[in-house]
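Spelled out from the first residue to the last, the chains are:
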Amino acid sequence: MKTSLSSDIVFIVGPSAVGKSAVALELAACLQGEIISCDALQVYREIRIASDRPSAAAMAAVRHHLFGCVSVEELFNAGRYRTLACSAFEDVLSRGRLPVFCGGSGMYMAVLLDGIFESSRQPDPALRQALEDECARRGCSCLYDRLCAVDPVSAAKIKTNDRQRIIRALEIFALEGRTLSSLQGERVGLWGGRYRVRLFFLDRPREELYARADARVEDMFALGLVEEIKALQELKLSASAAKMIGVPEITGFLCGAYDLQRSRDLIQRNTRRYIKRQLTWFRREARLEHIGIPCGQSPAQTAAFIAQRLAEV
RNA sequence: GCCGAGAUAGCUCAGUUGGUAGAGCGAAGGACUGAAAAUCCUUGCGUCCCCGGUUCAAUUCCGGGUCUCGGCA
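Quick caveat, the model's predicted, so the values are computed rather than measured.

A. Broad picture of the overall build of chain A. Secondary structure summary: chain A contains 15 helices and 6 strands in total. The C-alpha radius of gyration computed for chain A amounts to 21 Å, which stays within 12% of the reference 20 Å derived for 313 residues, consistent with globular compactness. Viewed in the frame of its principal axes, chain A has a C-alpha envelope of about 60 × 50 × 35 Å. By the burial criterion, 47% of the 313 residues in chain A qualify as buried. Partitioning the intrachain contacts of chain A with sequence separation of at least 6 by distance along the chain shows that 76% fall at a separation of at least 24. For chain A, the exposed area adds up to about 15700 Å²; of that, 53% sits on carbon and sulfur atoms. The distance from the centre of the 43 positive side-chain charges to the centre of the 37 negative ones in chain A is 3 Å.

Shown next as structure tokens:
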């Protein structure tokens, strides 16, 4: 079917296990679109089952971007994502197709919509490591005190024992010679720019979401999750890949810390907590158009509903 | 049937020398802008099994009951 587009870029976001991928696939298929990942883990090549990457059939039916584009050994982060995602959607647009971003990483969506400050310098792993070491040795509050002196605006927004953010803020100051808070004021993103952007948030009742997520974890085990994670042991995982849900839990099992059942329970629990955090993130995002998916509705029906909304406005 | 032990937050339990109670886990809410599937913050009135008794006051002591778990038959 041919629909006249009223948007240049579409986002399909929502919590884990809500059914984003299937809806995005249907939507892209009927609007001549291409899918771009908006997910922090689906970019990793070696993690197929654990990140619930779209099937080969789905990828053959509609062109997908950024899925499995980097190795788990590489450091990946929001900055790199933004660079890759921007060139991907420009590529899609240049071929007259509709970019459909799909994923559950709220921050990656925010980074595209609102931007991120542009760093002139290369990240310095040694500097990060030095800050890590100092934090481990002398405690978080010691670094926090330093941040208060250097960048009181950022310090006011960061909790005294939020290791990750304290280190990040100090790292930026050391690297750029300017404070994180001042740099963050200079961000420019897609929102409010020359593109028409529509954000669709897919949702289901919490209990249904949890049940679907639990079932999906069972499926992952059946598909060979343990083998997939076991294979990663040969590699040197980057910090970002090593903390993905599934890796620590299965590694614990492989080391004999507990049985398989326990690792599955942990993965299910951690997935539920992750879903909760996603919901918290998206809840305060006022730009989203909420799409509640009724129980039993097919992805094609949801996609048709969204396509209609796109055509109307 | 007898003898023990127990019954307290969703779960596992602690505790109150009698002044209506608190840990862990789970759960919920929140923050979030280059690790984000990350990192971090906040939140526990619950017929203290039921009915009586003693007492100014009982979840705590006493008696009876119900149920659960051991052991013995």
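Having seen the model, we can carry on.
B. Structural view of the protein's contact with RNA strand B. In the vicinity of RNA strand B lie 47 residues, with R187, R269, R277, R283 and R284 positioned nearest. With respect to RNA strand B, the side chain of Y108 contributes an N or O atom lying 2.8 Å from a phosphate oxygen. Between RNA strand B and E132 there is a distance of 2.8 Å, counted from a base nitrogen to a side-chain nitrogen or oxygen. Of all elements in the fold, only helix 3 (78–94), helix 4 (106–114), helix 5 (125–138), helix 8 (163–176), helix 9 (180–184), helix 10 (206–223), helix 12 (239–242) and helix 14 (260–283) reach the threshold of two or more residues within the surface near RNA strand B.

C. Structural view of the layout of surface pockets. The space that makes up the second largest pocket amounts to roughly 190 Å³. Forming the walls of the second largest pocket are R48, I49, D52, R53, P54, S55, A56, R216, D219, M220 and L223. When the residues that make up the lining of the second largest pocket are grouped by side-chain class, the tally is 5 nonpolar, 1 polar and 5 charged.

D. Examining the sheet that holds strand 5 (residues 197–203) more closely. The 6 strands lie next to each other as 3-2-4-1-5-6, forming an open sheet whose pairing is parallel. On the outer flanks of this sheet lie strand 3 (64–65) and strand 6 (289–292), each paired with one strand and no other. Direction of pairing for strand 5 relative to strand 6: parallel, over a ladder of 4 bridges. By the bridge assignment for strand 6, D203 is matched with G292.

E. Structural context of the pairing of strand 1 (residues 9–13). Burial analysis of strand 1 places 5 of its 5 residues in the buried class, which makes it a mostly covered element. Here strand 1 shows a buried face lined by I9, F11 and V13 and a second buried face lined by V10 and I12. Judged from the 5 bridges that link them, strand 1 and strand 5 form a sheet pairing that is parallel. Each residue of the ladder has a partner; that of F11, found in strand 5, is L199.

F. Local environment of unusual backbone geometry. One non-glycine residue with positive phi stands out, namely A17, at about 70 degrees. With respect to the element layout, A17 can be found in the loop between strand 1 and helix 1 (20–31). In this structure A17 comes out as buried when scored by relative accessible area, which is 7%. Backbone geometry places Q32, a non-glycine residue, at a positive phi of 55 degrees. Looking at the secondary structure, you find Q32 in the loop between helix 1 and strand 2 (33–37).

Cut-offs applied
Residues numbered from 1 in each chain as written. Chains lettered and ligands numbered in written order. Predicted model: local features only at pLDDT ≥ 70, side-chain atom pairs only at ≥ 80, totals over all residues. Heavy atoms only, no water. Helix = DSSP H or I, 4+ residues; strand = E, 2+ residues; numbered from the N terminus. Rg over C-alpha atoms; globule rule 2.2 N^0.38 Å. Buried < 20%, exposed > 50% of the residue type's maximum accessible area, 1.4 Å probe, protein only. Contact = heavy atoms within 4.5 Å. Areas by Shrake-Rupley, 256 points an atom, 1.4 Å probe, with all protein chains shown as cover. Lys, Arg positive; Asp, Glu negative; His and termini not counted. Charge placed at Lys NZ, Arg CZ, Asp CG, Glu CD. Near = heavy atom within 4 Å. Polar contact = N/O pair within 3.5 Å; in protein donor to acceptor, adjacent residues only side chain to side chain. 1 Å grid on protein atoms, 1.4 Å probe; cavity = no way out; pocket = protein on both sides within 12 Å on 5 of 7 lines; lining within 4 Å. Points joined across faces, edges and corners; volume = space filled by probe spheres on them. Nonpolar A, V, L, I, M, F, W, Y, C, P; charged D, E, K, R; others polar. Pairing = 2+ DSSP bridges.

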